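Breakdown of the fold
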Amino acid sequence: MNRGAASRRRAGAAAAGSQPVRAAFFGSGPFAIPILEAALGLPELSIVGVVSTPDRPAGRGHRLASSPVVERARTLGIPILQPGSLRDPGSIEAIADLGVELGLLADYGRLVPPSVLGIPARGFLNVHPSLLPRHRGATPIQTTILEGDAEAGVSIFEMDAGLDTGPIVASMAWPLRGDETGPELEGEAARRGGRLVADVLPEWLAGRRPAAPQPVAGATLTRPLRREDGRLDPDLPAAALARRVRALQPWPGAWIETEAGRLAVIDAAAAPGSPGGPGERRGTVIADGDGIAVATPGGRLRLLMVRPAGGRTMTGAELRRGRPALVGSVVV
């Protein structure tokens, strides 16, 4: 649909009617829950259905588990669709049968094909946890921490056929302390995203909040995480490794491979060091006060909380007392 025509249709419908706009909410992960709840609080909207990912095996027993959004929608009594594929004709028909005028999406986890984007007359809005066009794609929260960004943000944009490329309706930024973990930043972005939806959506529905094209400059694209991303490479500076530990919680988590086996790193901090000095060859496990650290080219990575393979979570000092031979070994 032509964007100008879509804007005129929104404005005309808002001026003409007092009926709330019928909307479908597309979401799966926990980031989406405050967005859904904010939308439910708007008198201008009527959420008539939630579209989420199918139940998946989880835990040691591999029992089927629903997404956080599905669990929340059940408690709210909202009809739920969990299509295996949005390209399946039956799934497309089921969504169309909801009779929605608007799609609202947050943390859905799958690409929405043009055949579904074209169903609501007013299109789709996406609530994305970054300052677009920076950090488009699958892992904006983790990448914000990995890159050491000074600020984080959340954006609402009109979806098009591209990957997070549509025109921006509104955005909100806030400074970072520099010690946020992935889950902490996700929670803050979700809360702020919910407030942004509550503040902006009524204006957009009334045609008083035009969207602006994303700038070309500054666009970056993130990618899905892989298990191997959690490996802490001692050839990288300690500050970058500490950010990786914070960013990759809870999955894939951070770890080092030592001569005594894999060691999960739950919490870490960068500290000054002198690589090349006695006992501080790059990649060496070294004494750090009562605890331990790993020597890197940019200082030492202090291992504050760790978990040996098959063991319990403990402090670096506890690990050193229990496994003193680790000091002097090399990360492999």
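Residues numbered from 1 in each chain as written. Predicted model: local features only at pLDDT ≥ 70, side-chain atom pairs only at ≥ 80, totals over all residues. Heavy atoms only, no water.

Within the protein, residue pLDDT values average 93, and 93% of them lie at 70 or more. Residue range residues 1-16 is modelled with pLDDT below 50. Its contacts to residues more than four positions away, or to other chains, number 16 contacts. (pLDDT = per-residue confidence, 0-100. Contact = heavy atoms within 4.5 Å.)

What follows deals with the sheet that holds strand β7 (residues 124-128). Read across the sheet, seven strands follow the order β5-β2-β1-β6-β7-β9-β10 without closing on themselves; strand pairing throughout is mixed. A strand with exactly one partner marks an edge of an open sheet, and here the two such strands are β5 (80-81) and β10 (168-175). Summarising the sheet, strand β9 (residues 151-158) and β10 pair through seven bridges and their orientation is antiparallel. The residue of β10 that forms the bridge with Gly-153 is Ala-173. (Pairing = 2+ DSSP bridges. Helix = DSSP H or I, 4+ residues; strand = E, 2+ residues; numbered from the N terminus.)

For the rest of this paragraph, the subject is helix α7 (residues 182-205). Over its 24 residues, α7 extends 32 Å from the first C-alpha to the last, a length consistent with the 34 Å expected when each residue adds 1.5 Å. Considering bend angle alone, the principal kink of α7 is centred on Asp-199 and spans about 30°; proline Pro-202 follows within four residues of it. With its phi angle positive at about 80°, Gly-207 sits one or two positions after the end of α7. (Expected span 1.5 Å × (residues − 1). Bend = angle between axes of the 7 residues up to and from the residue.)

A few words now on the side chain of Thr-284. Note that Thr-284 resides in the loop between β13 (261-271) and β14 (285-288). Judged by its relative accessible area of 5%, Thr-284 is buried. A polar contact of 2.7 Å, which involves the side chain of Thr-284, links it to the backbone oxygen of Arg-281. (Buried < 20%, exposed > 50% of the residue type's maximum accessible area, 1.4 Å probe, protein only. Polar contact = N/O pair within 3.5 Å; in protein donor to acceptor, adjacent residues only side chain to side chain.)

Below, the discussion takes up the environment of Ala-287. Looking at where Ala-287 falls in the secondary structure, it is placed in strand β14. In this structure Ala-287 comes out as partly exposed when scored by relative accessible area, which is 35%. Sequence separation between Ala-287 and Leu-326 is 39 residues, and the spatial gap between their C-alpha atoms is 9.3 Å. Setting aside anything within four residues of it in sequence, one finds Ala-287 in contact with Arg-300, Arg-320 and Val-327.

Bringing the pairing of β13 into the picture now. Bridge count between strand β12 (residues 254-258) and β13: five bridges; the pairing is antiparallel. What sits directly across from Ala-254, in β13, is Val-265. Counted between consecutive antiparallel strands, the loop separating β12 from β13 contains two residues. Across eight bridges, β13 lies against strand β16 (residues 299-308) in antiparallel orientation. If you follow Leu-263 over to β16, its bridge partner there is Pro-308.

Applying the stated criterion across every chain yields a total of 18 salt bridges. Asp-235 is paired through a salt bridge with Arg-282; the nearest N and O atoms lie 3.8 Å apart. Of this pair, Asp-235 sits in the loop between β11 (221-222) and α8 (238-247) while Arg-282 is found in the loop between β13 and β14, placing the two residues 47 residues apart along the sequence. Residue Asp-235 is classed as partly exposed on the basis of its relative accessible area of 47%. (Salt bridge = Lys/Arg side-chain N within 4 Å of Asp/Glu carboxyl O.)

Time to look at the nonpolar core. Counting 45 residues, the largest nonpolar core has Phe-25, Leu-45 and Val-127 as its most contacted members. Sort the elements by how many residues they give to this core and α7 lands first, with nine residues. Sequence-distant contacts of Phe-25, defined by excluding residues within four places in its chain, comprise Ala-32, Ile-35, Leu-36, Ile-47, Gly-49, Val-50, Val-51, Val-69, Leu-104 and Ala-106. If you look at the next biggest cluster of nonpolar residues, it comprises 20 residues, including Val-285, Ile-292, Leu-303 and Leu-319. (Core = buried A, V, L, I, M, F, W, Y, C linked by side-chain atoms within 4.5 Å.)

Omega for the peptide link from Gln-249 to Pro-250 comes to -5°, which places this bond in the cis form. Mapped onto the fold, Pro-250 is located in the loop between α8 and β12. In this structure, Pro-252 follows Trp-251 across a cis peptide bond, with omega equal to 5°. Residue position: Pro-252 is located in the loop between α8 and β12. Backbone geometry places Asp-107, a non-glycine residue, at a positive phi of 50°. Even without being glycine, Asp-164 reaches a positive phi, approximately 60°. With respect to the helices, strands and loops of the structure, Asp-164 is situated in the loop between β9 and β10.

Before going further, it helps to examine the packing of helix α2 (residues 32-40) against helix α3 (residues 68-76). Where α2 contacts α3, the axes come no closer than 9 Å and their chain directions differ by 30°. It follows that α2 is roughly parallel to α3 by the angle criterion. Where α2 crosses over α3, the handedness of that crossing is right-handed. Each of Ala-32, Ile-33, Leu-36, Glu-37 and Leu-40 in α2 lies in contact with α3, whose residues at this interface are Pro-68, Val-69, Arg-72 and Leu-76. Looking at the contact of α2 with α3 residue by residue, the class counts come to seven nonpolar, no polar and two charged. (Axes fitted to C-alpha atoms, helices over the stretch in contact; angles between N-to-C directions. Parallel < 35°, antiparallel > 145°, perpendicular 65-115°, else oblique. Left-handed = near helix turned anticlockwise from the far one by under 90°. Nonpolar A, V, L, I, M, F, W, Y, C, P; charged D, E, K, R; others polar.)

The next thing to look at is the packing of aromatic side chains. Considering all chains together, one arrives at two aromatic pairs under this definition. Measuring from ring centre to ring centre gives 5.7 Å for Phe-26 and Tyr-108, while their planes differ by 80°; the resulting arrangement is edge-to-face. Separated by 82 residues along the polypeptide, Phe-26 in strand β1 (residues 21-27) and Tyr-108 in the loop between β6 (102-106) and α5 (114-117) bring together distant segments of the chain. Comparing Phe-26 with Tyr-108 shows no difference in burial state: the two are buried. For the ring pair Phe-26 and Phe-124, a centre distance of 5.0 Å and an interplane angle of 65° mean the geometry is edge-to-face. A residue pair is termed long-range when its members are at least 10 positions apart, and Phe-26 in strand β1 and Phe-124 in strand β7 qualify at 98 residues. Across the pair, Phe-124 and Phe-26 agree in class, each one buried. (Phe/Tyr/Trp six-rings, centres within 6.5 Å; stacked < 30°, edge-to-face > 60°.)

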